Every structure is written in C-alpha cells, then in structure tokens.
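# Report on the structure
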Amino acid sequence: MPLEIDPSTRQVLGIALKPGTVAISQLNLQGHLLGRTLSRTVNQPRQTGAVARSLLVRLANVHTLAIGVSATGFVDPEARTILLSSAVPSGGGV
C-alpha cells in the first residue's frame with residue numbers, strides 16, 4: 001500500500017546556524033516559505049543550541065514532518081554535534 005502525504009497540511013522546518021545568529025523557516029513540501037523567517041542573535045556561542053531550541057518550539061507542531069539543520073564547518077551526524085564551526089568558534093559540543 002503506497003504512503004500518501006497530504007502536502008496541504010504538512011510542513012518542514014529549516015534551521016540555519018550562522019555566526020552570531022540562528023534562523024528558522026517554515027516551508028511547505030514544495031519548498032515554498034510559509035510566513036516569515038524567524039531569527040535571533042546569539043551573544044555567546046555556547047547559547048546556540050538553546051536559542052535554536054527556543055525558536056524550534058515556536059514553530060514545530062503536529063504538522064511538522066521533518067526538521068533540517070544547516071551549519072558551517074564539520075558536523076558529526078551520529079553524535080549529533082558540531083565539531084568545528086564559525087557559528088560556534090569556541091568549540092565544544094553543540
């Protein structure tokens with residue numbers, strides 16, 4: 001039996017971790033922006049994860065099908081951490 005996803009009720013979220021900023025966008029399944037992109041300034045790099053989480057809580061809901069994250073540098077997908085990034089220049093696991 002094929003799986004059918006209703007594109008009119010589902011959405012995806014995209015989070016961008018940039019130096020000094022975290023941005024999040026809500027998109028439909030065709031990649032069109034829904035609403036506006038939310039962004040927040042990150043004063044201390046170690047707060048990047050907490051800022052991303054707070055934005056995610058605002059937009060994620062029962063209609064969210066997937067969440068994608070982009071970050072500069074190197075990411076360990078298995079450990080789910082940023083290894084080296086200009087978004088978190090001080091290092092440490094984010």
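Reading the values: the criteria
Residues numbered from 1 in each chain as written. Predicted model: local features only at pLDDT ≥ 70, side-chain atom pairs only at ≥ 80, totals over all residues. Heavy atoms only, no water. Helix = DSSP H or I, 4+ residues; strand = E, 2+ residues; numbered from the N terminus. Buried < 20%, exposed > 50% of the residue type's maximum accessible area, 1.4 Å probe, protein only. Contact = heavy atoms within 4.5 Å. Areas by Shrake-Rupley, 256 points an atom, 1.4 Å probe, with all protein chains shown as cover. Pairing = 2+ DSSP bridges. Axes fitted to C-alpha atoms, helices over the stretch in contact; angles between N-to-C directions. Polar contact = N/O pair within 3.5 Å; in protein donor to acceptor, adjacent residues only side chain to side chain.

## Details of the overall build of the protein chain
- Along the protein chain, the regular secondary structure elements total 1 helix and 6 strands.
- Across the 94 residues in the protein chain, those meeting the buried criterion constitute 26%.
- Contacts in the protein chain between residues far apart in sequence, at least 24 positions, make up 44% of those at least 6 positions apart.
- Carbon and sulfur atoms provide 56% of the accessible area of the protein chain, an area that totals close to 6400 Å².

## Comments concerning the sheet that holds strand β4 (residues 64–71)
- Here we have 4 strands laid out as an open sheet, ordered β3-β2-β1-β4, and mixed in their pairing. Two strands close off the open sheet at either side, each with one partner strand: β3 (38–41) and β4. For this sheet, the mean angle separating the axes of adjacent strands, direction not counted, is 15°.
- Sheet strands touched by helix α1 (residues 48–59): β1 (11–18), β2 (21–27), β3 and β4. Its angle to β2, the strand with the most contacts, is close to 25°.

## Here we look at the side chain of Thr-48
- Inspection of the secondary structure assignment puts Thr-48 in helix α1.
- Thr-48 sits in the buried class, given a relative accessible area of 2%.
- Among the polar contacts made by the side chain of Thr-48, one reaches the main-chain carbonyl oxygen of Pro-45 at a distance of 2.7 Å.

## A word on the environment of Asn-28
- Checked against the element boundaries, Asn-28 lands in the loop between β2 and β3.
- Classification of Asn-28 as buried rests on a relative accessible area of 16%.
- Leaving out residues up to four positions away in the same chain, Asn-28 has contacts with Arg-10, Val-12 and Leu-34.
- Polar side-chain contacts of Asn-28 include one of 2.9 Å to the backbone nitrogen of Gln-30.

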